[in-house]
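Below, each chain spelled out in residue letters.
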Amino acid sequence: MGSGYFTRLAAVLAAAALLGAVILKPEAGRRIADAAARFAPDPGARPLRACAAGETPLAGPFAPFDDVLSISPLGAVTAPGEPLPTPYIRINTRRADKGFARRETKALAPARAEIVALERTLRRDADGDAVGQSWTVHFKPCDKITVYYDGLSRIAPEILRRAGGLKSFVELGGPDHIARQTHIPVRAGETIGEGPGFDVGLQDLSQPPAAMARPERYQSNPYDAAAVFDAPPSLIAAITVDDSRARCALDYLPEEIGRKWAAKLGDSWGVRKAEGEDACRTALVDVPGTAQGAWFTDASHNAVTDKISAIALAPDAVEPMRLIFALHGLLKSLTPDMVALPGPLDDERAEAARDFLSFDLGDGRINAPFDKVRPGQIYCYERLRANFVGPKIDGVLLMKLGTAANGAAQMTLEARGDVSRCIDLQEPWRFTGKETIFYR
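Computed from a predicted structure; not experimentally measured.

The rules behind these values
- Each chain has its residues counted from 1, running along the sequence as written.
- Where totals are concerned, whole chains, interfaces and linings use all residues; where local detail is concerned, this predicted model gives features only for residues with pLDDT of at least 70, and gives and counts side-chain atom pairs only at 80 or more.
- To obtain the side-chain values, all non-hydrogen atoms of the structure were used and water was disregarded.
- Two strands qualify as a pair provided DSSP detects at least 2 bridges between them.
- For helices the rule is a DSSP run of H or I covering at least 4 residues; for strands it is a run of E covering at least 2, with both sets numbered from the N terminus onward.
- A pair of cysteine sulfur atoms is labelled a disulfide when the two atoms are within 2.5 Å.
- Contact criterion: two residues are considered in contact whenever any of their non-hydrogen atoms come within 4.5 Å of each other.
- Burial classification: accessible surface area is computed with a 1.4 Å probe over protein chains only, and a residue below 20% of its type maximum counts as buried, one above 50% as exposed, and the rest as partly exposed.
- By definition, the arc is the one covered by directions from the helix axis to the C-beta atoms.
- Each salt bridge in this description consists of a side-chain nitrogen of Lys or Arg and a carboxyl oxygen of Asp or Glu lying within 4 Å of one another.

Here we take up the sheet that holds strand S10 (residues 191-195). Judged by pairing direction, the sheet is antiparallel, and its three strands sit side by side in the order S3-S10-S7 without closing on themselves. The open sheet has two edge strands with one neighbour each: strand S3 (105-108) and strand S7 (154-155). Here S3 runs beside S10; their pairing, made up of four bridges, is antiparallel. Within S10, the residue paired with Ala107 across the bridge is Gly193.

Structure below.
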């Protein structure tokens, strides 16, 4: 199902919220009119130009080249709390002068484009105090291409001034997340903001959506329509992204520039270089009918809600012959005492048990590639270790695909610490009652 459907749905929900607010609170009508006027298209704004066939819509670098240590490919699944798999590349900067801190770098407009929206999110500590901010900038170089920068720590003062200042922003669910629809033309190479690295996402609306098992799971829903009646549909459309059409932004640069930047594809500290001809990877790795891809803790609801968590089973984005269980601590049977560390290292064991697990490919029912796993049979995984270089797991993992009562695909996982190798399990392999069920 394409992005047009979701954009229209968001517009309908927002419109319904607006009308409901007027009915319940007639005095809200003036506020709504004020918000609509505030976000009306600029009188001088022109329709976006059509994307020309065969053109490279991006023209230049995302940041000063010498500031960039590496570029994380699309599809990474290792970081807790991130979309799975990540639908963007990450610009990792070099170290600062001291320690392991990242270097601050400028975020440069990648093309002659229009900034169509700005977002700011405040970060708070455990006590609720604001400890930082993160900016997201949405561009459109032409009508079918959307680009966003995410994770900027500062926005350029001139860009903020041209947007009308913070007073012109509206809240999206609360004061910590605010946004503004804009029509700000920028030149390729113009400074947009700064940060110690940032993410670059690109969606090509001219391309068919990726074949995902549950495409609605990936649709970004940036606000609660019932609570945010000041946000007009046009703003919601401007900040909503369709991850099913995520593409590697490097592929949309001129060939010579893209090749230069692709040489930096690798892990976050530039230690491992990305392998393969398609080193930037595809962002979405769901393979319907198999174990490969993202799985969720709820059988029906959209994964972007706060109460839904996700895991992923996928090839490593840098070394595709190495596979990853990105379980993020959601597999309760994987306990710290299975982590093979010597001595009294309880904290380290607990941390390792919450980390992602990696392993080398096997064949048959042992260490099977995730895209070869089929429903109805139990598979076993051994010789696992925490992350890529962490301690080994003293146990095995059992997996079986099936179908939930509501028809959704489900996956049963259990870590077994009573054996160290799959061959030592008594046949037929079975779960012991400590398994966890995940869903597509």
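Once that is clear, we can look at the state of the cysteines. For the structure shown, the criterion picks out three disulfides. The partner cysteine of Cys248 in its disulfide is Cys280, sulfur to sulfur 1.9 Å. Negative torsions about the S-S bond denote left-handed disulfides, and the value of about 80° found for Cys248 with Cys280 makes this one right-handed. Note that Cys248 is positioned in the loop between helix H4 (233-239) and helix H5 (255-262) and Cys280 in the loop between H5 and strand S12 (293-296), a separation of 32 residues in sequence. With a sulfur-sulfur separation of 2.1 Å, Cys380 is cross-linked through a disulfide to Cys422. Disulfide Cys380 to Cys422: torsion about the S-S bond roughly -85°, handedness left-handed. Here Cys422 lies in the loop between strand S19 (409-416) and strand S20 (436-439) and Cys380 lies in strand S16 (residues 378-381), a separation of 42 residues in the sequence.

On to the side chain of Thr412. Along the chain, the position of Thr412 falls in strand S19. In contact with Thr412, not counting residues within four places along its chain, are Leu398, Met399, Lys400, Phe431, Glu435, Thr436 and Ile437.

Within the span of helix H6 (residues 346-354), buried status applies to Arg349, Ala352 and Ala353. Summarising the axial view, the buried residues of H6 lie within an arc of 100°, below the 170-degree limit, and thus occupy one face. For H6, exposure combined with an orientation more than 90 degrees from the buried face picks out Asp347 and Glu351. Contacts made by the buried residues of H6 are with strand S17 (385-386).

A complete count under the given rule lists 19 salt bridges for this structure. Among the salt bridges present, the one from Arg259 reaches Glu255, with a minimum N-O distance of 3.4 Å. You can see Arg259 and its partner Glu255 sitting in helix H5, four residues apart, about one turn around the helix. Each member of the pair Arg259 and Glu255 is classed as exposed. The salt bridge involving Arg416 is made with Asp418; its shortest N-O contact spans 2.9 Å. For Arg416, a relative accessible area of 12% corresponds to the buried category. Here the salt bridges do not stand alone but share partners, grouping Asp267, Arg272, Asp316 and Glu319 into one network.

Across the chain, the bulk of peptide bonds are trans and the bulk of non-glycine residues have phi less than zero. Between Glu427 and the following residue, Pro428, the backbone shows a cis peptide bond with an omega angle of -10°. Along the chain, Pro428 falls in the loop between S19 and S20. Even without being glycine, His328 reaches a positive phi, approximately 55°. Checked against the element boundaries, His328 lands in the loop between strand S14 (322-326) and H6. Phi angles above zero are rare outside glycine, and Arg383 is one such case at about 55°. Secondary-structure assignment places Arg383 in the loop between S16 and S17.

On their own, these measurements won't tell you what the molecule is for.
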